[in-house]
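Spelled out, the chains give:
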Amino acid sequence: MLEARLELSTDPSQLRSLKAALERVSSAPGGEPSLITSIYYDTPDRKLHHHALSLCVEQHDTRRVQVLRRRASIGDNRQWRDVITSETTAIHDEGEIFAAVGDATEPVCDLDLEITEGDPAVLFDAALRLLDAAPLRITVPNNAERGYRLLGGGIEATTIEPLTFIPSMTVEAVLQTTCRACVWHLLRNEGTAYSGNAEGIHQMRVAVRRLRSVLVAVRSMLPAKQYQWLKGELKWLAGSLGPARDWDVFIMDLLAPIRSVLHTEPDLGNLVEMATQRQHAAYAAARKAIESRRYCEAVLKTVRWFETRGWRDQPVSEHSAPLFSTIAEIASSLIERRWVQATKQCKHFARSSLDERHQLRIALKKLRYTIELLESLFETTSVKALMKRLKGLQEDLGHLNDVGTAQRLIRELARPAVHDINDVGLAGGVVIGWHLRDLSNLEARLRADVRRFKKAEPFWRSMSLVASASTA
């Protein structure tokens, strides 16, 4: 059993409660506190930071230890230590970070749970018990990243890195790797979204959608109770973040272009003000969800589930057996299933309703996520050819959906009696009319894109492509 580690953080005000809980949970006696000073180094152009590396020298009383860390995901947290001039089950960091330039500081209250042998579930069970004493969350920004922020570095949204699989990997290995990447993507954007960054909210939602997509793909292989719990928590989180994203799109993508042309229209200004108020309220609700006990517990339990491979807690059957087959054996069928669903939604597109087109957009999104997950198993040129057709159609359908969402949001704004409904209705009519005019011009292109998509080559149906990937 390899060493496992779980890094958590809390607010310094919770320190007393957390220490008392640690004494009850930890099997190791607590030692006397000692002062550790860590000085982080990087090149002038921050090359280490850009490569997800950090280098520091820790001063332990009279000893100095050089530490190089690499942080890529929840399951990939490596460090190399070298004494320049020790093992416990719980390491508690308390103190503050201060910038080498200027007087900016940030308090630190971190807890590292480690296990050198045995079941890694122990770590997560301990963390969940500690959650009863103090709010905890998995630590994503390390001390080096906190220091960069103190020096003026912005909190930027993070996109998910492409995953690379080999055909001989088992399905459960692919599932575990993908879950790690999705949760890491979620956590990396947590602070960005909390600060009110629109792209951070968007990336958190993308992480949730990707995770939901992969779980749906292997749903029949998972214990039903586990799947239903995961589905419910992810649906709750997506619903908590959704309104903030809707108002972002409404203000930035639908209102902004019109304001640049009709900037002197007073009714439009009132609409923008009201929409901005709703946007702020939606962000407040999203922040409340992110800092809630439910969110912290859901993330910890989800990480526990895939790190301990909780899906193995079921009888071996024809349903669970594919988890232990190779990904090459089922990759084509996973994509095929999504392809059939998408092409079925394309039928009679010219006569389809807005709701039917919305369902097509969702089907295309699921197809895209599945292809992106498995594309490393297939020949690159063929994958890109289909993805090019898919992306354009998906974007145009997305704009169509945004206009439909805008109509719903304008109705919401017109509902309260405290506002002048006539003003809202007039300005809303201008916005919707403007974009409906664009949609009428878009219709011909949409129909052409659908025809091109339906004629695309289903690359996964060729066994030679999978075979060539197997020899790579």
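Report follows, based on the coordinates. Each chain has its residues counted from 1, running along the sequence as written. At least 70 in pLDDT is required for a residue's local features to be given in this predicted model, at least 80 for side-chain atom pairs to be given and counted, and no such filter applies to totals for whole chains, interfaces and linings, which use all residues. Each side-chain value is worked out from all heavy atoms of the structure, with water and hydrogens disregarded.

## A few points about empty space enclosed by the protein
In this analysis, the protein atoms alone were mapped onto a 1 Å grid. Cavities are point sets where a 1.4 Å probe fits without being able to get out; pockets are open sets with protein on both sides within 12 Å along at least five of seven lines; lining residues have an atom within 4 Å of a point. Grid points are joined across faces, edges and corners, and a volume is the space filled by probe spheres set on the points. Each pocket or cavity is described by its volume, and for the largest cavity that value is around 120 Å³. Around the largest cavity, the lining residues are Val-183, Leu-186, Leu-211, Leu-230, Glu-233, Leu-234, Trp-236, Leu-237, Tyr-295, Ala-298, Val-299 and Thr-302. In this text, helices come from DSSP runs of H or I with a minimum length of four residues, and strands from runs of E with a minimum of two, each type numbered from the N-terminal end. Sorting the residues of the lining of the largest cavity by element identifies helix H5 (171-188), helix H8 (224-259) and helix H10 (293-307) as the ones contributing at least two each. Of the residues forming the lining of the largest cavity, the biggest block, 5 residues, is contributed by H8. In this classification, Asp, Glu, Lys and Arg are treated as charged, Ala, Val, Leu, Ile, Met, Phe, Trp, Tyr, Cys and Pro as nonpolar, and every other residue, Gly included, as polar. Taken together, the residues of the lining of the largest cavity sort by class into 10 nonpolar, 1 polar and 1 charged.

## Overview of the packing of aromatic side chains
A pair of aromatic rings is counted whenever rings of Phe, Tyr or Trp (Trp by its six-membered ring) have centres within 6.5 Å, and the orientation is called stacked for planes under 30 degrees apart, edge-to-face for over 60 and tilted otherwise. Overall, the coordinates contain 6 aromatic pairs when judged by the stated rule. Ring geometry for Trp-305 and Trp-311: centres 4.9 Å apart, planes at 80 degrees, overall edge-to-face. Aromatic pair Trp-339 and Phe-453: ring centres 5.1 Å apart, planes at 50 degrees, arrangement tilted. Here Trp-339 is found in helix H11 (residues 327-346), whereas its partner Phe-453 is found in helix H14 (residues 421-454), with 114 residues between them in sequence. Across the pair, exposure class does not vary: Trp-339 and Phe-453 are buried alike. Throughout this description, buried means an accessible area under 20% of the type-specific maximum (1.4 Å probe, protein chains only), exposed means over 50%, and partly exposed covers the range between.

## Considerations on helix H7 (residues 198-217)
If you check H7, its first and last C-alpha atoms are 29 Å apart, about what 20 residues at 1.5 Å a residue would give, namely 28 Å. H7 sits mainly inside the fold: 16 of its 20 residues count as buried. In protein, a polar contact requires one atom able to donate a hydrogen and another able to accept it; more generally it is a pair of N or O atoms within 3.5 Å, and residues adjacent in sequence count only if both atoms are side-chain atoms. Regarding H7, its N-cap is Asn-197, as a side-chain oxygen of that residue lies 2.8 Å from the backbone nitrogen of Glu-199 further along. Here the expected length of a helix is defined as 1.5 Å per residue gap, with one fewer gap than residues.

## Some words on the nonpolar core
Counting residues in each nonpolar core, the largest one holds 118 residues, and the members touching the most others are Leu-175, Leu-215 and Phe-250. In this description, contact between two residues means that some pair of their heavy atoms is separated by no more than 4.5 Å. Residues contacting Leu-215, with those up to four places away along its chain left out, are Leu-175, Leu-222, Tyr-227, Leu-230, Leu-234 and Trp-305. The definition of a nonpolar core used throughout is a set of buried Ala, Val, Leu, Ile, Met, Phe, Trp, Tyr and Cys residues joined through side-chain atoms within 4.5 Å.

## Concerning the side chain of Arg-338
Along the polypeptide, Arg-338 turns up in helix H11. One buried charged residue, Arg-338, remains without a salt bridge, the closest side chain of opposite sign being Glu-372 at 12 Å. Among the polar contacts made by the side chain of Arg-338, one reaches the side chain of Gln-341 at a distance of 3.3 Å. Here Arg-338 is in contact with Ser-213, Val-216, Ala-217, Lys-366, Leu-367 and Thr-370, once residues within four sequence places are set aside. Under the convention used here, Asp and Glu are negative, Lys and Arg are positive, and both His and the chain ends fall outside the count. A pair is scored as a salt bridge if a Lys or Arg side-chain nitrogen falls within 4 Å of a carboxyl oxygen belonging to Asp or Glu.

## Digging into the side chain of Ser-213
Positionally, Ser-213 belongs in helix H7. Other than its neighbours up to four places away in sequence, Ser-213 contacts Arg-338, Lys-366, Tyr-369 and Thr-370.

## Considerations on the layout of surface pockets
If you add up the space inside the second largest pocket, you get close to 1,500 Å³. Residue lining of the second largest pocket: 46 residues in total, with Arg-205, Arg-209, Arg-361, Lys-365 and Tyr-369 positioned closest to the centre. Among the secondary structure elements, those contributing two or more residues to the lining of the second largest pocket are H7, H8, helix H12 (354-374) and helix H13 (380-414). No other element matches the 14 residues that H8 contributes to the lining of the second largest pocket. When its residues are assigned to classes, the lining of the second largest pocket shows 15 nonpolar, 13 polar and 18 charged.

## Some thoughts on the packing of H7 against H12
Between N-to-C directions, angles cover 0 to 180 degrees, with each direction set by a line fitted to C-alpha atoms, over the stretch in contact for helices. One can describe the packing of H7 onto H12 by two numbers: an axis separation of 10 Å at closest approach and a directional angle of 80 degrees. By the angle between their directions, the pair H7 and H12 is classed as roughly perpendicular. Contact with H7, carried on its side by Val-206, Arg-209, Arg-210, Ser-213 and Val-214, involves Lys-365, Lys-366, Tyr-369, Thr-370, Glu-372 and Leu-373 of H12 and no other residues of that element. For the contact of H7 with H12, the per-class residue count stands at 4 nonpolar, 2 polar and 5 charged. Comment on the angle field: the value is read as roughly parallel under 35 degrees, roughly antiparallel over 145, roughly perpendicular from 65 to 115, and oblique elsewhere.

## As for H10
With 15 residues, H10 extends 21 Å between its outermost C-alpha atoms, agreeing within 8% with the 21 Å of an ideal straight helix rising 1.5 Å per residue. Those residues of H10 lying buried are Tyr-295, Cys-296, Ala-298, Val-299, Leu-300, Thr-302, Val-303, Trp-305, Phe-306 and Glu-307. A positive phi of about 50 degrees marks Arg-309, the residue just after H10.

## Quick look at the environment of Asp-396
Within the secondary structure, Asp-396 sits in helix H13. In this structure the C-alpha to C-alpha distance between Asp-396 and Arg-361, which are 35 residues apart in sequence, comes to 9.2 Å. Only 3.0 Å separates the side chain of Asp-396 from the side chain of Arg-445, close enough to count as a polar contact.

## Describing the pattern of salt bridges
Counted by the stated rule, this structure contains 18 salt bridges. With a closest N to O distance of 3.0 Å, Arg-293 and Asp-132 form a salt bridge. Here the residue Arg-293 occupies a position in helix H10, and Asp-132 occupies one in the loop between helix H3 (121-130) and strand S8 (137-138), the gap between them amounting to 161 residues. Across the pair Arg-293 and Glu-297 runs a salt bridge whose closest N-O atoms are separated by 3.1 Å. With Arg-293 and Glu-297 both in helix H10 and 4 residues apart, this pair spans about one turn of that helix.

By themselves, these figures tell us nothing about what the structure is for.
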